[in-house]
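Structural overview for review
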Amino acid sequence: MKGLLCSPLPMLLLLLPPQETELGFAGPKCRTGPLDLVFVIDSSRSVRPFEFETMRQFLVGLLRALDVGPNATRVGVIQYSSQVQSVFPLGAFSRHEDMERAIHALVPLAQGTMTGLAIQYAMNVAFSVAEGARPPEARVPRVAVIVTDGRPQDRVAEVAAQARARGIEIYAVGVQRADVGSLRAMASPPLDEHVFLVESFDLIQEFGLQFQGRLCARDLCNGVDHGCKFQCVSEGLSYRCLCPEGRQLQANGKSCSRCREGHVDLVLLVDGSKSVRPQNFELVKRFVNQIVDFLDVSPEGTRVGLVQFSSRVRTEFPLGRYGTAAEVKQAVLAVEYMERGTMTGMALRHLVEHSFSEAQGARPRALNVPRVGLVFTDGRSQDDISAWAARAKEEGIVMYAVGVGKAVEEELREIASEPPELHVSYSPDFSTMTHLLENLKGSICPEEGISAGTELRSPCDCESLMEFQGRTLGALDSLTQNLAQLIARLENLENQLANRK
């Protein structure tokens with residue numbers, strides 16, 4: 001396991017048996033800044049008495065290393081088996097001695113392993129203001145550390161996704177017999193920083209060092225509602241927002257300057273199949289909103305529509321519905337995950353036949369507004385995509401394909417416009433998608449991409465009418481010449497027939 005250490009542990013301590021010492025961390029307190037930290041401890045019957053004692057020592061030692069206090073780190077502890085019990089809430093104690101006394105008095109529940117129930121309790125109760133958590137507007141990071149030794153007897157993926165969506169950063173620590181798949185389903189991304197597997201309870205002390213280091217050097221951007229529109233960078237106990245090259249950070253310190261005014265009709269086609277999973281679908285929605293942040297959204301500028309597909313296709317909102325970026329982003333966050341299959345071909349047909357129609361808010365072709373489709377998928381389509389992928393490009397829609405995880409490169413290339421180097425993007429993991437944003441911005445932003453130099457003109461403008469008249473007269477002249485040639489050929493044919501008689 002990886003992790004940075006805040007302070008070294010004397011080697012002598014590691015040589016002592018667990019029951020003869022408590023894990024203590026030398027050096028100064030780990031000052032993380034304000035933090036609401038809840039430990040969720042498995043005390044099911046599979047945790048043997050001496051193993052529970054080791055876990056108890058781990059908790060006490062870790063607490064001693066934290067800078068606890070009403071304005072610093074607040075700590076709560078809950079234990080669970082077939083039921084959930086609060087050992088002490090976040091607002092109960094501000095001194096190490098009181099916390100240690102409560103932990104020493106802890107009696108294991110010794111029943112089943114209802115980890116999902118424990119996560120739900122942590123989300124709804126332990127992190128409530130009534131229990132001592134600071135209110136959401138205070139933007140204090142909320143961190144849950146789940147320590148378990150077995151496979152949950154209930155479902156954890158959905159409730160853990162809900163907890164993460166509420167801003168709770170989850171570390172999943174598995175000891176000995178723990179199920180790795182369940183740990184990964186519970187933990188926050190990136191998983192390599194939030195999932196720990198300890199071979200035995202004897203080694204949990206070593207994990208304590210690593211976890212202390214992770215807290216001391218924790219990335220505030222992962223646990224804080226930072227509000228950065230492009231990228232958040234942690235700097236010690238604070239953070240700052242960055243913008244991509246060529247764009248300026250605005251006065252609020254969060255937003256980036258938008259693309260210069262341009263005119264694009266953009267429809268996002270988002271895969272909502274079962275393979276995406278609820279927690280990753282939330283990341284996809286966040287990614288979509290980061291794309292929206294690049295755009296000058298308005299009825300006269302860029303219009304945005306969103307379609308979700310799985311075994312069926314659903315228009316979440318059409319091009320003509322929202323006139324500001326804020327409205328679009330709010331609508332994206334409200335989208336509900338569909339699950340089921342992956343009918344990408346059906347979705348492409350819907351895009352061509354409906355999404356870019358004037359009835360759905362697309363501007364008339366006469367206005368020369370570029371039409372852009374962005375397909376987001378994580379797997380192989382269950383129907384044929386060839387015909388409608390080709391049809392989309394024949395209709396003049398500039399197609400982009402973004403693949404994640406098990407997405408098939410051949411399908412992405414078939415969906416996308418030429419050249420694929422500019423229109424196909426791929427990320428191996430949902431948690432690392434943000435690196436694709438700059439490529440998409442360079443392609444979609446009006447001043448840099450397909451609509452560079454596009455002039456939106458009314459067909460009623462004088463210059464447009466004169467241009468139309470010129471083209472029409474030219475076409476009539478050409479038609480007159482063609483008719484004259486056809487009449488001459490007909491007369492020649494009539495003469496030949498008359499001579500034969």
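Please refer to the structure higher up on the page.
Please read these numbers as outputs of a predicted model, since none were measured by experiment.

1. What about the overall build of the chain?
Within the chain one finds 17 helices and 14 strands. Counting every position in the chain, which comprises 501 residues, the buried fraction comes to 51%. The long-range share in the chain, meaning contacts at least 24 apart out of those at least 6 apart in sequence, stands at 74%. Here the chain has roughly 24000 Å² of accessible surface; of this, 51% comes from carbon and sulfur atoms.

2. Details of the pairing of strand E12 (residues 371–377)
A large share of E12 lies buried, amounting to seven of its seven residues. Neither face of E12 is open: one carries Arg371, Gly373, Val375 and Thr377, the other Val372, Leu374 and Phe376, and all of them are buried. Of the strand pairs in this sheet, strand E9 (residues 265–271) and E12 are connected by six bridges, and their pairing is parallel. Residue Leu266 lies in a different strand from E12, and its bridge partner there is Val372. Here seven bridges tie E12 to strand E13 (residues 397–404), and the two strands are oriented parallel to one another. Bridging across to E13, Leu374 finds its partner in Tyr400. Taken together, E12, helix H13 (residues 386–394) and E13 constitute a β-α-β crossover, and its handedness is right-handed.

3. Some details on H13
Here H13 has its buried residues at Trp388, Ala389 and Ala392. End-on view of H13: buried residues confined to an arc of 105°, all on one side of the axis. Residues of H13 that are buried sit in contact with helix H12 (344–355), E13 and helix H14 (409–415). Two residues or fewer past H13, Gly396 is found with a positive phi of approximately 85°.

4. Description of the packing of helix H2 (residues 49–64) against helix H3 (residues 96–104)
Two elements in contact, H2 and H3, have axes separated by 10 Å at closest approach and are oriented at 175°. Taken as axis vectors, H2 and H3 run roughly antiparallel relative to one another. In this structure, H2 contributes Arg56, Leu59, Val60, Leu63 and Arg64 to the contact, and H3 contributes His96, Met99, Glu100, Ile103 and His104. Residue composition of the contact of H2 with H3, grouped by class: five nonpolar, two polar and three charged.

What counts, and where the lines are drawn
- Residues numbered from 1 in each chain as written.
- Predicted model: local features only at pLDDT ≥ 70, side-chain atom pairs only at ≥ 80, totals over all residues.
- Heavy atoms only, no water.
- Helix = DSSP H or I, 4+ residues; strand = E, 2+ residues; numbered from the N terminus.
- Buried < 20%, exposed > 50% of the residue type's maximum accessible area, 1.4 Å probe, protein only.
- Contact = heavy atoms within 4.5 Å.
- Areas by Shrake-Rupley, 256 points an atom, 1.4 Å probe, with all protein chains shown as cover.
- Pairing = 2+ DSSP bridges.
- Right-handed = clockwise from strand over helix to strand, strands pointing away.
- Arc of directions from axis to C-beta.
- Axes fitted to C-alpha atoms, helices over the stretch in contact; angles between N-to-C directions.
- Parallel < 35°, antiparallel > 145°, perpendicular 65-115°, else oblique.
- Nonpolar A, V, L, I, M, F, W, Y, C, P; charged D, E, K, R; others polar.

Purely spatial values, then, with no claim about function.
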